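Working through the structure, step by step
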Amino acid sequence: WKRGMTALAALLNNSHSSLTEVVLSQCILDDDGAGILAAALARNGTLRRLDLGNLSKSSNVTVTGWSALFTQLQSSQSSLEELVIGTTGCHDTEW
């Protein structure tokens, strides 16, 4: 998963990318992957929709990963208009 998330981040960071939607439904994601994605989203100016609905049950995103993601989405460079969060499997007690 890490190689795939790194490749997606590179695409999102590419100034020639016109990607407007990413669907990661049924993917495995953890705090490291959420951090990689968050950093890329903060610099991306084309992505309008991100679907993280129904992440795999093998995913392990804790409050740390979600916080990184949500913090970066508040960046003035983020162009995200729609964030889909379905069943995340997050059972972190810090929420």
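As the structure is a prediction and not an experimental result, all values here were calculated from the model.

Membership of the largest hydrophobic core comes to 20 residues, with the highest contact counts inside it found for Leu24, Leu37, Leu41, Leu50, Leu52 and Leu69. Contributing elements (two or more residues each) for this core: helix 1 (2-13), helix 2 (31-43) and helix 3 (63-73). For Leu52, the contacting residues outside a window of four places in its chain are Leu24, Leu29, Leu37, Trp66, Leu69, Leu83, Val84, Ile85 and Gly86.

In this section: the packing of aromatic side chains. Scanning all chains against the criterion turns up 1 aromatic pair. Between the aromatic rings of Trp66 and Phe70, the centroid separation amounts to 5.8 Å while the plane-to-plane angle is 20 degrees, which identifies the pairing as stacked. Residue Trp66 and its partner Phe70 are both found in helix 3; the two are separated by 4 residues, about one turn of the helix. On the basis of relative accessibility, which here comes to 4%, the residue Trp66 falls in the buried class. On the basis of relative accessible area, Phe70 is assigned to the partly exposed category, the value being 29%.

Right, let's talk about the pattern of salt bridges for a bit. In this structure the tally under the stated criterion is 4 salt bridges. Notably, a salt bridge pairs Arg49 with Asp51, separated by 3.9 Å at the nearest N-O pair. Measuring nitrogen to oxygen at the nearest pair gives 3.3 Å for the salt bridge that ties Glu82 to Arg49. Of this pair, Glu82 sits in strand 3 (residues 82-84) while Arg49 sits in strand 2 (residues 49-51); the two residues are 33 residues apart in sequence, bridging distant segments of the chain. Using a relative accessible area of 39% as the deciding quantity, one classes Glu82 as partly exposed. Here the salt bridges share partners, and the residues they tie into one network are Glu21, Arg49, Asp51 and Glu82.

So, how was this worked out
Residues numbered from 1 in each chain as written. Predicted model: local features only at pLDDT ≥ 70, side-chain atom pairs only at ≥ 80, totals over all residues. Heavy atoms only, no water. Core = buried A, V, L, I, M, F, W, Y, C linked by side-chain atoms within 4.5 Å. Buried < 20%, exposed > 50% of the residue type's maximum accessible area, 1.4 Å probe, protein only. Helix = DSSP H or I, 4+ residues; strand = E, 2+ residues; numbered from the N terminus. Contact = heavy atoms within 4.5 Å. Phe/Tyr/Trp six-rings, centres within 6.5 Å; stacked < 30°, edge-to-face > 60°. Salt bridge = Lys/Arg side-chain N within 4 Å of Asp/Glu carboxyl O.

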